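Spelled out from the first residue to the last, the chains are:
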Amino acid sequence: MASLNVGLIGCGNISGIYFKNAKKFDVLDIVACADIDMERAKLQAEEYDIPKVYTPEELLDDPEIDLVINLTIPAVHAEIALSCLEAGKHVYGEKPLAVSREDGKKVLEVAREKQLFVANAPDTFLGGGIQTCRKLIDDGWIGKPISATAFMMNHGHESWHPDATFYYQQGGGPMFDMGPYYLTALINLMGPIKRVTGSTATTFSERTITSQQNYGKKIQVNTPTQINGVIDFENGAVGSIITSFDTWHHHLPNIEIHGTEGSMVVPDPNNFGGPVYVRRHDHKEWSEIPLTHGFTENSRGLGVADMAHAILTNKTARANGDLAYHVLDVMHGFHDASNSGNHYVLASTCEQPEAMPVGINKHNFDSFYQYKEVVQK
């Protein structure tokens, strides 16, 4: 079957799982990697048997590369994405799509002009856990969804991350770091968002790194670290979300969806699997529901593979740029609402992503898309 030649820019901590998982998909062939630190790129190339090691500029100049995976830091996501598009290459990026709405819009505009695909992490919503939840909702197990709650609360990254500085700058904070997982999952389950409001706070103006590599280094905090938001979905449902780097401990669930006929516990949207629980209005206990889809292990890169098949069959990637921009717009909306004291009405929207087919897994993934391509012919 057809495959795409892939280059990867940004050989940091998260790149390993992309290199590893890409080998599981026939549609992806990572042929080159690049980083501003050439030694880091060489080490990853050696470990994962990548034939070409480039500077970022050299990678973009390679005419054989069709698609670029952009794993750079958030501050340069848009800059690298635009460079990829200008070089005539499709691009899949880590979250968020961009730091600013303006840069996010520019990425989508250039992609449309060049007739190229843009897609973006997170792709965890394509995993077995959240796709099982999507099927249960679509099949009416909890009736019409009427509300949702989402909680991502911890005390930040400085105790374990080798250099947590960028998590506390513009484009970081708990909303821009982890919000994409929760908001993308909610949009997949509930549809796009119409309006938000929020309150934000910065509890600590300075953080001290206690991880070994930069122990004792001080970080100036330049972004809110506590964001409490309210969501109005286009379908009429309402939601609440808290993202926090100011919380030591809590007992709150990751995500719950409540409907006219019952309630559902959704697994951690930062993972691909996890238990799913449902309790209908006439049930005395919660029931754990067997997962109906595969990809329950760490499957980062699944979104890239889905995008590659979308390119080859001229379909819409599930983790597409419009979805990523809508999430970016929502995240800014919580901050804007807090600053202005008013609701923020979304200027963007997106299609609810198409559900993954029941029973899809790493063994039949490529053949499923190949079958769809043959049917279209």
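Being a predicted model, the structure only gives us computed values, none of them experimental.

1. What about the sheet that holds strand β1 (residues 4-9)?
- Read across the open sheet, the six strands follow the order β3-β2-β1-β4-β5-β6; overall the sheet is parallel. The two strands at the open ends of the sheet, each matched to only one other strand, are β3 (52-54) and β6 (118-120). Ignoring which end each strand starts from, the neighbouring axes of this sheet average 25° apart.
- Bridge analysis of strand β5 (residues 90-93) against β6 gives three bridges, and the strand direction is parallel. Paired with G93 across the two strands is N120, which belongs to β6.
- The strands touched by helix α2 (residues 38-48) within the sheet are β2 (28-34) and β3, with β3 carrying the most contacts at an inclination of about 165°.

2. Things to note about the UniProt feature "domain: GFO/IDH/MocA-like oxidoreductase" (unreviewed entry) in the protein chain
- Listed under "domain: GFO/IDH/MocA-like oxidoreductase" (unreviewed entry) in the UniProt record, and renumbered for this structure, are residues 130-264.
- Counting secondary structure, residues 130-264 comes out at 20% helix and 35% strand; the distance between its end C-alpha atoms is 11 Å.

3. Things to note about the nonpolar core
- Counting residues in each nonpolar core, the largest one holds 116 residues, and the members touching the most others are L183, I257 and M264.
- No other element matches helix α7 (residues 173-190), which puts 11 residues into this core.
- Ignoring any residue separated from it by four or fewer positions in sequence, one finds I257 in contact with I137, I142, P145, S147, A148, L186, L189, M190, G262, S263, M264 and V266.

4. A few points about the packing of α7 against helix α9 (residues 321-340)
- Their axes nearest at 9 Å, the elements α7 and α9 cross at an angle of 120°. Regarding the angle of α7 to α9, the classification is oblique. Remark: the crossing between α7 and α9 carries right-handed chirality. Seen from α7, the contacting residues are M175, F176, G179, P180, L183, T184 and I187; seen from α9, they are L323, H326, V327, L328, V330, M331, H332, F334 and H335.
- Of the residues contributing to the contact of α7 with α9, the split by class is 11 nonpolar, five polar and no charged.

5. Quick word on the pattern of salt bridges
- Here the structure, examined in full by the defined rule, presents 15 salt bridges.
- The salt bridge partner of R134 is D138, with a shortest N-O separation of 2.9 Å. Of this pair, R134 and D138 are both found in helix α6 (residues 128-138), four residues apart, which corresponds to roughly one turn of the helix.
- Residue R134 is classed as buried on the basis of its relative accessible area of 7%.
- Its salt-bridge partner being R207, residue E158 comes within 3.1 Å of it at the nearest N-O pair. Of this pair, E158 sits in the loop between β7 (145-153) and α7 while R207 sits in strand β9 (residues 206-208), placing them 49 residues apart in sequence.
- On the accessibility criterion, E158 (9% relative accessible area) is buried.

6. Details of the sheet that holds strand β17 (residues 344-345)
- With respect to topology, nine strands assemble into an open sheet ordered β16-β15-β14-β13-β7-β12-β11-β8-β17, the strand pairing being mixed. The outermost strands of the open sheet, each flanked by one partner alone, are β16 (287-288) and β17.
- Pairing geometry for strand β8 (residues 193-201) and strand β11 (residues 226-233), over eight bridges, is antiparallel. Bridge pairing in β11 places G198 opposite G229.

7. Describing unusual backbone geometry
- Along the chain, K95 connects to P96 via a cis peptide bond; the corresponding omega equals -10°.
- Geometrically, the link from A121 to P122 is a cis peptide bond, its omega value of 10° lying close to zero.
- Even without glycine at this site, D49 takes up a positive phi of about 60°.
- Relative to the helices and strands, D49 resides in the loop between α2 and β3.
- Since its relative accessible area comes to 64%, D49 is described here as exposed.
- Look at N314: it is not a glycine, yet its phi comes out positive at around 55°.
- Among the structural elements, N314 can be located in the loop between α8 (302-313) and α9.
- N314 sits in the exposed class, given a relative accessible area of 65%.

8. Concerning the pairing of strand β14 (residues 262-266)
- Burial runs high along β14: five of the five residues are buried.
- Across the two faces of β14 the burial is the same, with G262, M264 and V266 and S263 and V265 all buried.
- Judged from the four bridges that link them, strand β13 (residues 255-259) and β14 form a sheet pairing that is antiparallel. Note that in β14 the partner of I255 across the bridge is V266.

Conventions and cut-offs
Residues numbered from 1 in each chain as written. Predicted model: local features only at pLDDT ≥ 70, side-chain atom pairs only at ≥ 80, totals over all residues. Heavy atoms only, no water. Pairing = 2+ DSSP bridges. Helix = DSSP H or I, 4+ residues; strand = E, 2+ residues; numbered from the N terminus. Axes fitted to C-alpha atoms, helices over the stretch in contact; angles between N-to-C directions. Contact = heavy atoms within 4.5 Å. UniProt positions renumbered as here; feature names shortened; annotations may be inferred. Core = buried A, V, L, I, M, F, W, Y, C linked by side-chain atoms within 4.5 Å. Buried < 20%, exposed > 50% of the residue type's maximum accessible area, 1.4 Å probe, protein only. Parallel < 35°, antiparallel > 145°, perpendicular 65-115°, else oblique. Left-handed = near helix turned anticlockwise from the far one by under 90°. Nonpolar A, V, L, I, M, F, W, Y, C, P; charged D, E, K, R; others polar. Salt bridge = Lys/Arg side-chain N within 4 Å of Asp/Glu carboxyl O.

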